[in-house]
Amino acid sequence: MGSQNIEGMILNWTRVVPIQLHAEAFKKMNQLRFLEVGPFMVQLSHDFELPSRELRYLDMGNYNLASMPSNFHEDNLVELWLQGSCLRHFLEGNM
């Protein structure tokens with residue numbers, strides 16, 4: 001089983017220091033339907049991407065980027081939680 005088969009992931013623990021997530025971590029997760037990251041501070045790399053067109057639920061508290069990834073597919077999204085985020089523009093085209 002490789003990362004391309006992952007459909008859901010919860011990263012939820014108490015950390016004092018921010019956790020760093022790099023683009024490479026999600027690069028092959030094109031079947032991801034459920035992603036919950038928090039409640040800790042997450043530091044995403046500027047080239048962070050979510051390639052899945054299947055994403056239904058995204059909870060990423062304290063999201064540190066100003067906009068969603070350029071390849072973000074919101075078509076199937078049912079629930080979105082970005083509490084405490086730095087988000088200024090939902091999608092690049094909304095500037």
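Note that this is a predicted model, so its numbers are computed, not measured.

Caption draft 1: Fine view of the overall build of the chain. Broken down by element type, the chain carries 1 helix and 6 strands. The order of α-helices and β-strands along the chain, N terminus first, is β-β-α-β-β-β-β. Buried positions account for 38% of the 95 residues belonging to the chain. Of the contacts made within the chain by residues no fewer than 6 positions apart, 28% connect residues no fewer than 24 positions apart. Accessible surface for the chain amounts to roughly 5,800 Å². Of this, 50% is attributable to carbon and sulfur atoms.

Caption draft 2: Structural detail: the environment of serine 3. Position of serine 3 relative to the elements: it lies in the segment before β1 (8-11). For serine 3, a relative accessible area of 26% gives the class partly exposed. Note: C-alpha distance between serine 3 and leucine 32 (29 residues apart in sequence) is 9.3 Å. When near neighbours in sequence (up to four residues on either side) are disregarded, serine 3 contacts Lys28 and Met29.

Caption draft 3: Quick look at the pattern of salt bridges. All told, the structure shown has 2 salt bridges when counted by the stated rule. Taking the shortest distance from any N to any O, the salt bridge between glutamate 7 and arginine 33 comes out at 3.7 Å. Here arginine 33 lies in the loop between α1 (23-26) and β3 (34-37) and glutamate 7 lies in the segment before β1, a separation of 26 residues in the sequence. With a relative accessible area of 33%, arginine 33 lands in the partly exposed category. Residue glutamate 54 is joined to arginine 56 by a salt bridge in which the shortest nitrogen-to-oxygen separation is 3.6 Å. Judged by relative accessible area, which is 24%, glutamate 54 ranks as partly exposed. Residue arginine 56 is classed as partly exposed on the basis of its relative accessible area of 28%.

Caption draft 4: Fine view of the sheet that holds β3. If you walk across this open sheet you meet the 4 strands as β1-β3-β5-β6, and the pairing is parallel. The open sheet terminates on both sides in strands that have one partner only, identified here as β1 and β6 (79-81). Each adjacent strand pair in this sheet contributes to an overall mean axis angle of 5°, direction not counted. With 4 bridges joining them, β1 and β3 adopt parallel strand pairing. The residue bridging isoleucine 10 from the neighbouring strand is glutamate 36, located in β3.

Definitions and limits used
Residues numbered from 1 in each chain as written. Predicted model: local features only at pLDDT ≥ 70, side-chain atom pairs only at ≥ 80, totals over all residues. Heavy atoms only, no water. Helix = DSSP H or I, 4+ residues; strand = E, 2+ residues; numbered from the N terminus. Buried < 20%, exposed > 50% of the residue type's maximum accessible area, 1.4 Å probe, protein only. Contact = heavy atoms within 4.5 Å. Areas by Shrake-Rupley, 256 points an atom, 1.4 Å probe, with all protein chains shown as cover. Salt bridge = Lys/Arg side-chain N within 4 Å of Asp/Glu carboxyl O. Pairing = 2+ DSSP bridges. Axes fitted to C-alpha atoms, helices over the stretch in contact; angles between N-to-C directions.

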